[in-house]
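So you can see what is in the structure, the chains are spelled out below.
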Amino acid sequence: VEKSILPGSFTRAFDRVRRNLTPSYSSYENDVVDELRQSRKRTNAAIRYCAILVIATIAVQVVSKNLVYSPIVDYWTNQKPFEIQLSPEFDDEAIKRFSIVKQKIEFDRLIGKYPNQSAAAEENQLRKEAIDIVKYYKNASLDGIKNLLADFTAVLAFNTILVTGKKQILVIKDFIDEVLFSLSDNAKAFLIIVSTDTFVGFHSSEGWDALLTSLFYHFGIHENRIFIMAFIATVPVFLDGLFKYWIFQYLRQSSPSTAAIYGEMDN
């Protein structure tokens with residue numbers, strides 16, 4: 001199939017102008033109706049495929065974690081319970097958490113909250129709290145392993161859906177082109193500014209910090225502040241340079257008015 005160098009929306013717009021200037025085109029109204037129907041079909045197909053892509057990926061992640069990897073990891077853990085060791089970082093956190101619990105129990109004893117509690121009972125309570133804390137961090141580490149395996153399976157499912165749905169990907173591309181080229185230059189410049197400020201703006205470091213912290217927690221890894229600060233100090237800078245290069249190299253050629261409006265709004 002021969003591919004045009006112009007986006008599909010350009011071709012359809014040129015064809016629409018040609019039909020408006022052709023007086024002998026008797027079935028113009030029918031073609032307009034057909035074009036609207038085809039546009040609606042493309043929109044519905046694009047939205048439906050995106051929904052299937054998102055829902056299927058999330059479903060694969062949840063189902064594979066709860067029905068496949070959780071039983072396997074739990075069975076392996078029950079077979080070798082003493083071989084699961086906490087990382088040094090989690091071990092330090094567990095000790096700090098136990099120290100807080102111990103201080104609270106001692107404080108309650110001193111203010112007379114539990115007047116009849118013996119030393120043996122207090123020791124048993126501390127032992128129970130220590131066991132619960134260790135179980136919490138062990139479960140967090142094991143849950144990170146489950147999430148890692150489930151996420152890998154979800155990525156494979158996502159790629160499989162993309163490979164098997166090449167026609168739908170083209171439909172989505174045409175839909176995005178049609179939506180973007182239908183926007184005004186002011187709207188395009190506004191979207192670019194919102195995107196750049198979100199990822200590389202002045203307040204974007206807080207968002208990156210929250211995202212990376214959530215990823216560490218998701219994979220059961222202790223939060224590494226050095227890595228997070230190094231990531232924030234380098235990746236947004238690279239993205240900022242990439243955005244500026246794209247605006248200078250591509251946007252000024254394809255839409256000079258949008259680039260001019262963006263420059264005025266950004267300043």
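Everything numeric in this text was worked out from a predicted model, so none of it was measured.

Further remarks concern the overall build of the protein. Within the protein one finds 9 helices and 0 strands. Secondary structure elements of the protein, listed N to C terminal, follow the sequence α-α-α-α-α-α-α-α-α. Here the protein holds 267 residues, and the buried ones make up 24% of them. Partitioning the intrachain contacts of the protein with sequence separation of at least 6 by distance along the chain shows that 73% fall at a separation of at least 24. Only carbon and sulfur atoms are counted for the fraction: they give 65% of the accessible area of the protein, which is about 19,000 Å².

What follows deals with the environment of Leu149. With respect to the secondary-structure elements, Leu149 resides in helix H4 (residues 119-164). With 81 residues separating them in the primary sequence, Leu149 and Val68 have C-alpha atoms 9.8 Å apart.

As enumerated under the stated definition, the model contains 7 salt bridges in all. Of the charged contacts in the structure, one is a salt bridge between Lys65 and Asp143, with a shortest N-O distance of 3.2 Å. Here Lys65 is found in helix H2 (residues 28-79), whereas its partner Asp143 is found in helix H4, with 78 residues between them in sequence. For Asp143, a relative accessible area of 30% puts it in the partly exposed group. A salt bridge links Glu223 to Arg225; its shortest N-O distance comes to 2.5 Å. Judged by its relative accessible area of 28%, Glu223 falls in the partly exposed class. Looking at Arg225, the relative accessible area reads 36%, which means it is partly exposed. It is possible to trace a salt-bridge network through shared partners that takes in Asp209, Glu223 and Arg225.

Turning our eyes to something else, we now look at the packing of aromatic side chains. Applying the stated criterion to the full structure yields 4 aromatic pairs. Between Tyr136 and Tyr137 the ring centres are 5.1 Å apart and the planes differ by 85°, which places this aromatic pair in the edge-to-face class. Residue class for Tyr136 comes out partly exposed when judged on its relative accessible area of 39%. Tyr137 gets classed as buried once you look at its relative accessible area, which sits at 8%. Clustering of aromatic rings is evident, with ring pairs tying together Trp208, Phe216, Phe227 and Phe231. One Lys or Arg, Arg97, reaches over the ring of Tyr136 and ends 4.6 Å from the middle of that ring.

The subject of this paragraph is helix H7 (residues 204-218). Between its first and last C-alpha atoms H7 spans 21 Å; for 15 residues at 1.5 Å apiece the expected length is 21 Å, and the two agree. For H7, the complete set of buried residues consists of Ser204, Trp208, Leu212 and Phe216. Seen from one end, H7 has its buried residues packed into an arc of 110°, which puts them on one side. Structurally, H7 contributes buried residues whose contacts are with helix H6 (185-200) and helix H8 (225-254).

Quick notes on the rules
- Every residue gets a number counted from 1 within its own chain, in the order that chain's sequence is written.
- Residues qualify for local features only when their pLDDT is at least 70, as the model is predicted, and side-chain atom pairs are given and counted only at 80 or more; totals for whole chains, interfaces and linings, by contrast, use all residues.
- Calculated side-chain values reflect all of the structure's heavy atoms, with hydrogen atoms and water omitted.
- Think of it this way: any DSSP run of H or I at least four residues long counts as a helix, any run of E at least two long counts as a strand, and we number them from the N terminus.
- Buried, partly exposed and exposed residues are distinguished by accessible area as a fraction of the type maximum, computed with a 1.4 Å probe on protein chains only: under 20%, between the cut-offs, and over 50%, respectively.
- Only heavy atoms matter for contacts: two residues are in contact if any of them lie within 4.5 Å across the pair.
- Only the protein chains shown count as cover for residues, and the accessible areas themselves come from Shrake-Rupley with a 1.4 Å probe.
- Basic side-chain nitrogens of Lys or Arg form a salt bridge, by our definition, when they fall within 4 Å of a carboxyl oxygen of Asp or Glu.
- Any pair of Phe, Tyr and Trp rings, taking the six-membered ring for Trp, is counted once the centres come within 6.5 Å. Such a pair is stacked with planes under 30 degrees apart, edge-to-face with planes over 60 apart, and tilted for the rest.
- The criterion is that NZ of a Lys, or CZ of an Arg, lies within 6 Å of the ring centre and within 35 degrees of the ring normal, and then a charge sits over that ring.
- Any helix carries an expected span of 1.5 Å times its number of residues minus one.
- Summarising the geometry, the arc corresponds to the directions from the helix axis toward the C-beta atoms.

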